[in-house]
Amino acid sequence: MLNYDIRKNDHQWQFLKEGSDSPIKTFETKRDAIKFCREYFTKHGGHLRVWKADGSKIQEEHSYERAKQSFYTGVLENVDDTVKVAGTYLSKGIYGVGYYAAFGVVFGATMIARFIPFPESLTHGVEDGTEAALDSVDGTHHPHKSVTST
């Protein structure tokens with residue numbers, strides 16, 4: 001059975017797994033932390049130690065058995081976890097495709113532009129067109145930015 005602690009750190013109460021420095025969750029009051037833990041342990045089980053505010057000693061301890069689950073509930077939990085993990089990897093994959101596609105297009109175009117001499121007016125036109133396109137995209141895809149016309 002895993003051990004967990006509720007400890008006060010600065011002005012917040014933290015719910016921590018034994019041996020961990022980073023809290024699972026933080027709370028404004030000890031009462032809120034204990035309420036959350038009771039619900040948490042109903043699902044996960046474990047041993048809870050609630051420390052005094054000064055951290056000197058344990059105020060109370062409780063052991064919670066994990067609630068018995070049906071086969072169907074266990075499968076649904078695992079499917080939910082699998083979907084979350086798959087979604088994370090899918091997002092990373094989509095990001096990678098976008099990154100390397102954009103890199104390839106810009107890198108390729110830049111390399112071609114460096115080896116082929118263009119008239120100066122064409123070069124300035126491409127630069128101005130690129131800036132206008134970026135300004136247009138920023139105004140369209142970032143509604144929190146305000147586009148001002150002069």
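The notes below deal with the structure included here. (Residues numbered from 1 in each chain as written. Predicted model: local features only at pLDDT ≥ 70, side-chain atom pairs only at ≥ 80, totals over all residues. Heavy atoms only, no water.)

Taken together, the six bridges between strand β1 (residues 3–9) and strand β2 (residues 12–17) define a ladder with antiparallel strand orientation. What sits directly across from Y4, in β2, is K17. Taking the residues that link successive antiparallel strands as the turn, the β1-β2 hairpin has two residues, and the phi of D10 there is positive, at about 60 degrees. Looking at chain direction, β2 and strand β3 (residues 25–27) are connected through three bridges and run antiparallel. Within β3, the residue paired with W13 across the bridge is F27. (Pairing = 2+ DSSP bridges. Helix = DSSP H or I, 4+ residues; strand = E, 2+ residues; numbered from the N terminus.)

We now examine the layout of surface pockets. Approximately 260 Å³ is the volume found for the largest pocket. Lining the largest pocket are V106, A109, T110, I112, A113, F118, L122, T123 and V126. Looking at the lining of the largest pocket, the elements that each hand over two or more residues are α2 (71–115) and α3 (120–141). Ranked by residues supplied to the lining of the largest pocket, first place goes to α2 with five residues. (1 Å grid on protein atoms, 1.4 Å probe; cavity = no way out; pocket = protein on both sides within 12 Å on 5 of 7 lines; lining within 4 Å. Points joined across faces, edges and corners; volume = space filled by probe spheres on them.)

With that out of the way, let us pick up a nonpolar patch on the surface. Judged by side-chain polarity, Y95, Y99, Y100, F103, F107, M111, I112, F115, I116, F118, L122 and V126 come together as a nonpolar surface patch covering roughly 1,300 Å² of accessible area. At eight residues, the largest contribution of residues to the nonpolar patch is made by α2. Turning to its location among the elements, Y99 is positioned in helix α2. What makes Y99 partly exposed here is its relative accessible area of 42%. (Patch = residues over 30% accessible without salt bridge, like charges linked within 9 Å, V, L, I, M, F, W, Y side chains within 5 Å. Areas by Shrake-Rupley, 256 points an atom, 1.4 Å probe, with all protein chains shown as cover. Salt bridge = Lys/Arg side-chain N within 4 Å of Asp/Glu carboxyl O. Buried < 20%, exposed > 50% of the residue type's maximum accessible area, 1.4 Å probe, protein only.)

A contiguous patch of negative charge on the surface is contributed by E127, D128, E131, D135 and D138. Looking at the element boundaries, E131 is found in helix α3. (Lys, Arg positive; Asp, Glu negative; His and termini not counted. Charge placed at Lys NZ, Arg CZ, Asp CG, Glu CD.)

A few words on unusual backbone geometry. Residue D10 is not a glycine yet carries a positive backbone phi of 60 degrees. Of note, D10 is situated in the loop between β1 and β2. Classification of D10 by relative accessible area gives exposed; the value is 67%.

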